[in-house]
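So the chains spell out like this:
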Amino acid sequence: MKMNIRTETAADYEQVAKVLFHAFGDREDESELVKKIRKSATFVPELSLVAERDHEILGHILLSKAEVVDEGSSHEVIALAPLAVSPDHQKQGIGRRLIQEGLERCQKLGLDLVLLIGHPEYYPKFGFKPARPYGLELKQFDVPDDVFMVCELQDGALNRIKGELRYPRVFLE
Ligand SMILES: CC(C)(COP(=O)(O)OP(=O)(O)OC[C@H]1O[C@@H](n2cnc3c(N)ncnc32)[C@H](O)[C@@H]1OP(=O)(O)O)[C@@H](O)C(=O)NCCC(=O)NCCS
């Protein structure tokens, strides 16, 4: 049966939690993060996506609101986190489909930038590049330059938007 990428519903929460648990080395941190984001004002329901085949959830991606702050002005951006594919189904293109659909939806919503902290050898395939050379900063997490990445969704957005990425509080708890 064909794999389908669709908006997550409440009926998927349990299966999504299992995918996150196993994808992140049998730890609950990421499923706890997703639970908190779903309840927060930064949650955009149509940007929580699942990959489903045969009524089984095989992957999940969450894109939610964050801000880039520059001398008192604030610009709404999107943070991608987390992305997870069930360990038995990795390297089959499921992560790719989830990212592509997620970015397309963000672009249609008129959003400018998607930022993330992630594998530097994975995300550049999808248009992500190191964010710091564009004047984007990250102070909340102490991470190497190459893992803090940005994807530009509207022409010129990276020229216009500079400053510090601030993840919502739920990411810091
Ligand atoms: C990272 C993850 C989401 C990738 O999902 P996936 O469905 O296996 O990825 P895809 O099959 O769509 O891979 C797309 C491409 O990336 C490559 N790729 C997959 N995992 C990769 C990795 N960890 N590092 C580098 N390249 C990778 C694939 O070979 C493929 O390349 P190709 O298109 O040139 O053939 C998945 O491995 C996962 O859930 N990992 C554990 C949780 C995690 O680390 N999440 C990301 C946090 S930043």
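Residues numbered from 1 in each chain as written. Predicted model: local features only at pLDDT ≥ 70, side-chain atom pairs only at ≥ 80, totals over all residues. Heavy atoms only, no water.

## Notes on the pairing of strand β4 (residues 73-85)
Thought 1: Pairing between strand β3 (residues 56-70) and β4: 11 bridges, direction antiparallel. Counterpart to Asp 70 in the pairing with β4 is Ser 73.
Thought 2: The turn linking β3 back onto β4 is made up of two residues, and Glu 71 within it adopts a positive phi angle of 45°.
Thought 3: Where β4 lies against strand β5 (residues 113-117), two bridges are found, and the strand directions are parallel. Bridge assignment links Ile 78 to a residue of β5, and that residue is Val 114.
Thought 4: Taking the sense of rotation as the criterion, the β-α-β connection linking β4, helix α3 (residues 94-108) and β5 turns out right-handed. (Pairing = 2+ DSSP bridges. Helix = DSSP H or I, 4+ residues; strand = E, 2+ residues; numbered from the N terminus. Right-handed = clockwise from strand over helix to strand, strands pointing away.)

## Overview of the nonpolar core
Thought 1: Formed by 32 residues in total, the largest nonpolar core has its most connected members in Leu 113, Leu 115, Leu 136, Phe 148 and Leu 165.
Thought 2: The set of elements that each furnish at least two residues to this core consists of α1 (13-23), α2 (29-39), β3, β4, β5, β7 (136-138), β8 (148-152) and α4 (157-160).
Thought 3: Those residues in contact with Leu 115, other than ones at most four positions away along the chain, are Val 68, Val 77, Ile 78, Ala 79, Leu 80, Ala 131, Leu 136, Phe 148, Met 149, Val 150 and Leu 165.
Thought 4: In terms of nonpolar packing, the next biggest core, distinct from the first, is built from 27 residues, Val 44, Leu 47, Leu 98 and Leu 153 among them. (Core = buried A, V, L, I, M, F, W, Y, C linked by side-chain atoms within 4.5 Å. Buried < 20%, exposed > 50% of the residue type's maximum accessible area, 1.4 Å probe, protein only. Contact = heavy atoms within 4.5 Å.)

## Concerning the site of the ligand
Thought 1: Within the structure, the ligand sits among 18 residues, and Val 85, Lys 91, Gly 93, Gly 95 and Arg 96 are positioned closest to it.
Thought 2: In the environment of the ligand, an oxygen atom lies 3.0 Å from a nitrogen or oxygen atom belonging to the side chain of His 119.
Thought 3: At 3.5 Å, a side-chain N or O of Glu 121 approaches a nitrogen atom of the ligand.
Thought 4: Considering the ligand on its own, with 900 Å² of exposed area, one finds that the protein chains cover 74% of that surface.
Thought 5: Put simply, the parts of the chain that give the shell around the ligand at least two residues each are β4 and α3. (Near = heavy atom within 4 Å. Polar contact = N/O pair within 3.5 Å; in protein donor to acceptor, adjacent residues only side chain to side chain. Areas by Shrake-Rupley, 256 points an atom, 1.4 Å probe, with all protein chains shown as cover.)

## With respect to the state of the cysteines
Thought 1: Under the counting rule described, the total for this entry stands at zero disulfides.
Thought 2: For Cys 106, which is in no disulfide, the shortest distance to another cysteine sulfur is to Cys 151 and amounts to 9.0 Å.
Thought 3: Exposure remark for Cys 106: the relative accessible area of 0% places this residue in the buried category. (Disulfide = S-S within 2.5 Å.)

## Concerning the UniProt feature "domain: N-acetyltransferase" (unreviewed entry) in the protein chain
Thought 1: Per the UniProt record, the feature "domain: N-acetyltransferase" (unreviewed entry) sits at residues 3-154.
Thought 2: Between the C-alpha atoms that bound residues 3-154 the distance is 29 Å, and the span itself is 24% helix and 35% strand. (UniProt positions renumbered as here; feature names shortened; annotations may be inferred.)

## With respect to the packing of aromatic side chains
Aromatic rings considered in pairs are described by the distance between their centres and by the relative angle of their planes.
Thought 1: A full pass over the atoms with the stated rule returns five aromatic pairs.
Thought 2: Ring geometry for Tyr 122 against Phe 126: centres 5.3 Å apart, planes inclined by 65°, an arrangement best described as edge-to-face.
Thought 3: On the basis of relative accessible area, Tyr 122 is assigned to the partly exposed category, the value being 26%.
Thought 4: With a centroid separation of 5.4 Å and 85° between ring planes, the pair formed by Phe 141 and Tyr 167 is classed as edge-to-face. Of this pair, Phe 141 sits in the loop between β7 and β8 while Tyr 167 sits in the segment after β9 (163-166), placing them 26 residues apart in sequence.
Thought 5: Following the ring pairs from residue to residue traces out a cluster consisting of Tyr 122, Tyr 123, Phe 126 and Phe 128. (Phe/Tyr/Trp six-rings, centres within 6.5 Å; stacked < 30°, edge-to-face > 60°.)

## What to know about the pattern of salt bridges
Thought 1: Per the counting criterion, the structure on display carries 12 salt bridges.
Thought 2: Residues Arg 105 and Glu 101 are paired through a salt bridge, measuring 2.8 Å at the closest nitrogen-oxygen approach. One end of the pair, Arg 105, and the other, Glu 101, are both in helix α3, four residues apart, so they sit about a helical turn from each other.
Thought 3: Its relative accessible area of 18% is what places Arg 105 among the buried residues.
Thought 4: What makes Glu 101 partly exposed here is its relative accessible area of 23%.
Thought 5: Taking the shortest distance from any N to any O, the salt bridge between Arg 166 and Glu 164 comes out at 3.2 Å.
Thought 6: By relative accessible area, Glu 164 is classed as buried at 10%.
Thought 7: Through salt bridges with shared partners, one network takes in Arg 6, Asp 12 and Glu 52. (Salt bridge = Lys/Arg side-chain N within 4 Å of Asp/Glu carboxyl O.)

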